[in-house]
Amino acid sequence: MMIPLSLMTNAMLQPAEFFADREGAAEFLVALHHDLLRVRLTEEILAERYREQEMRTPAHFGSGQEAVAVGVCRALRADDVVFSHHRCHNHYLAKGGSIYELAAELYGRADGCSGGRGGSVHLTARDQGMIATSAILGEMTAVAVGAALAFQLDGLDRVAVTFFGEGAMDEGSFYEALNYASIRKLPVLFACENNLYATESPLSIRQAPGTDLCDRVRAFKVEAMRIDGNDVLEVYRTARTAVETIRRGRGPVFIECMTYRWREHVGPHFDHELNRAYRTREEVEAWMQRCPVKRSEDRLMQRGIATRAQLAEWHNAAKAEVVDAVERARNAAWPEVATLFDFV
């Protein structure tokens, strides 16, 4: 069964419930792939343009980790909310944030999603349910738990999601938030993106041998599971089940998504370009072989849903959309000087 580009685009616009009872349907797999392309190509093009030194904001690119954001956000409703960390572009885009407004924010323009004032690590798209992001490690876990508490007190059937890296689990605030969410059985999903490194510190020097993050979470009587975070369909299925559990009032769920960032911790380069020694080029390239986009392409071809030519067509169309949005953002207006002290 071959799906034309027009159907892919229409499928992308449907809410998660539209596909809830036919996750293996061709239309949904194409929609997932389109979401992955949108996130990946935005990050890659922004990273290349970042090298021009016109984006004067620290930027943490999420290339390689797209499947976590796309899979989780596809399992949510439009009125569910998301909170994220410093590597937040993927989540912003997966929840429906504008490519143009993201690029404008990185360029410091008035049309940026935060008015050009927040930069890369302070993104928001409130109408899409992307509430806030922060560079302070572990901060948004507590804020998401607060949102979940508000939903519970107001009797609302809504879910809060907090995305964070495994490094946030070295912070005490994470366990305070987790414990409170467990005691109150709050509607919050803890989505851990375990990319094995906190900045340049591997798990092996931060945690005792044999440490299991899911076991830590289970000590708080919270359901926890570890999954392949580079398989977008596995992430979606797991997140959908978790969200259904949460909506039934059974309390929070924790998902540890094993994934990997391709580029340096902060900035557009690959570590080998800068001769950084904390991880080898071979290790990075081995993880790049598990590319979420490539695995999605393989699934579509194996199931007869798309040909290589169609995949190339979709890639080129998505790339053109991103290139246009980024260039428009680069040429957009700066904030007026008179607004300098607004919001202060």
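Note that the structure is predicted; figures quoted are calculated from it, not measured.

Engineer: For this particular structure, what's the right way to read the confidence of the model for the protein chain?
Structural biologist: Segments scoring low in pLDDT should not have their predicted coordinates read at a detailed level. When pLDDT is averaged along the protein chain, the result is 93, and 93% of the positions lie at 70 or above. In this model, residues 1–23 is a region of pLDDT below 50 whose contacts with residues beyond four sequence positions or in other chains number 55 contacts.

Engineer: I would appreciate a short explanation of helix α9 (residues 232–247) in the present structure.
Structural biologist: Look at α9: 22 Å from first C-alpha to last across 16 residues, which is about the 22 Å you get at 1.5 Å a residue. Along α9, the residues that are buried comprise Val-232, Leu-233, Val-235, Tyr-236, Thr-238, Ala-239, Arg-240, Ala-242, Val-243, Thr-245 and Ile-246. Contacts from the buried residues of α9 go to α2 (26–50), α3 (66–74), β4 (188–194), β7 (223–228), β8 (253–258) and α11 (292–302). Sitting at the head of α9, Asp-231 places a side-chain oxygen 3.1 Å from the backbone nitrogen of Leu-233. Directly after α9, the chain includes Gly-249, whose backbone phi takes a positive value near 85°.

Engineer: What should I look at first to understand the nonpolar core in this one?
Structural biologist: Formed by 70 residues in total, the largest nonpolar core has its most connected members in Leu-46, Tyr-92, Val-161, Phe-163, Leu-189, Ile-255 and Leu-300. The leading source of residues in this core is α2, at 13 residues. The contacts of Tyr-92, once residues within four sequence positions are left out, are Gly-97, Ser-98, Glu-101, Leu-102, Cys-113, Leu-123, Thr-124, Ala-125 and Met-130. Formed by 28 residues, the second largest nonpolar core is a distinct cluster that contains Val-145, Ala-160, Ala-181 and Leu-213.

Engineer: Is there a simple way to think about the pattern of salt bridges in this case?
Structural biologist: Oppositely charged side chains can form a pair if their charged atoms are brought close together. In the structure shown here, the tally under the stated rule is 29 salt bridges. Between Asp-228 and Arg-295 there is a salt bridge, with the nearest N and O atoms lying 2.7 Å from each other. One end of the pair, Asp-228, is in strand β7; the other, Arg-295, is in helix α11, with 67 residues separating them in the sequence. Judged by relative accessible area, Asp-228 falls into the buried class, the value being 17%. Here Arg-295 falls in the partly exposed class, since its relative accessible area comes to 27%. Residues joined in a network through salt bridges with shared partners are Glu-44, Glu-48, Arg-51, Arg-263 and Glu-273.

Engineer: What should I look at first to understand the packing of aromatic side chains in this one?
Structural biologist: In this description, an aromatic ring pair is defined by two values, namely the gap between the centres and the angle between the planes. All told, the structure shown has 11 aromatic pairs when counted by the stated rule. Consider the rings of Tyr-197 and Tyr-278, whose centres lie 5.4 Å apart with planes at 80°: the pair is edge-to-face. In this pair, Tyr-197 is assigned in strand β5 (residues 197–198) and Tyr-278 in the loop between β8 and α10 (281–288), connecting sequence segments 81 residues apart. The same class applies to Tyr-197 as to Tyr-278, namely buried. Each member of the aromatic cluster is reached from another via a ring pair, and the members are Phe-164, Phe-174, Tyr-175, Phe-190, Phe-220 and Phe-254. Residue placement shows Arg-109 over the ring face of Trp-334; its charged tip is 3.7 Å from the ring centre. Looking at Arg-279, its charged tip hangs above the ring of Tyr-197, at a distance of 5.8 Å from the centre.

Engineer: Honestly, a nonpolar patch on the surface in this entry has me stumped. Any pointers?
Structural biologist: On the surface, Leu-340, Phe-341 and Val-344 cluster together into a nonpolar patch covering about 420 Å² of accessible area. With respect to the element layout, Val-344 can be found in the segment after α12 (308–330). Looking at Val-344, the relative accessible area reads 86%, which means it is exposed.

Engineer: Help me understand the state of the cysteines in this model?
Structural biologist: Cysteine pairs can be linked by a disulfide, which is a covalent bond between their two sulfur atoms. Across all of its chains, the model carries zero disulfides by this definition. Between Cys-73, a cysteine without a disulfide, and Cys-257, which holds the nearest cysteine sulfur, the sulfur-to-sulfur distance is 11 Å. The buried category is assigned to Cys-73, whose relative accessible area is 8%. Take Cys-257: it sits in no disulfide, and the sulfur closest to it among the cysteines is that of Cys-192, at 7.5 Å.

Engineer: Explain the sheet that holds strand β1 (residues 81–84) to me, please; I cannot follow it from the model alone.
Structural biologist: Strand pairing in a sheet is mediated by backbone hydrogen bonds. Such pairs are either parallel or antiparallel. Reading across from one edge, β2-β1-β3-β4-β8-β7 is the order of the six strands in this open sheet, with parallel pairing throughout. Edge positions in the sheet fall to β2 (130–133) and β7, since each has one partner strand and no second. Adjacent strand axes in the sheet meet at a mean angle of 20° when their direction is disregarded. The sheet contact formed by β1 and strand β3 (residues 160–165) spans three bridges and is parallel. Looking at the pairing, Val-82 lines up with Val-161 of β3. Where helix α6 (residues 139–154) meets the sheet, its contacts fall on β1, β2, β3 and β4, and the angle it forms with β3 comes to roughly 170°. Along the sheet, α9 makes contact with β4, β7 and β8, crossing β7 at roughly 165°.

Parameters and conventions
Residues numbered from 1 in each chain as written. Predicted model: local features only at pLDDT ≥ 70, side-chain atom pairs only at ≥ 80, totals over all residues. Heavy atoms only, no water. pLDDT = per-residue confidence, 0-100. Contact = heavy atoms within 4.5 Å. Helix = DSSP H or I, 4+ residues; strand = E, 2+ residues; numbered from the N terminus. Expected span 1.5 Å × (residues − 1). Buried < 20%, exposed > 50% of the residue type's maximum accessible area, 1.4 Å probe, protein only. Polar contact = N/O pair within 3.5 Å; in protein donor to acceptor, adjacent residues only side chain to side chain. Core = buried A, V, L, I, M, F, W, Y, C linked by side-chain atoms within 4.5 Å. Salt bridge = Lys/Arg side-chain N within 4 Å of Asp/Glu carboxyl O. Phe/Tyr/Trp six-rings, centres within 6.5 Å; stacked < 30°, edge-to-face > 60°. Lys NZ or Arg CZ within 6 Å of the ring centre and 35° of its normal. Patch = residues over 30% accessible without salt bridge, like charges linked within 9 Å, V, L, I, M, F, W, Y side chains within 5 Å. Areas by Shrake-Rupley, 256 points an atom, 1.4 Å probe, with all protein chains shown as cover. Disulfide = S-S within 2.5 Å. Pairing = 2+ DSSP bridges. Axes fitted to C-alpha atoms, helices over the stretch in contact; angles between N-to-C directions.

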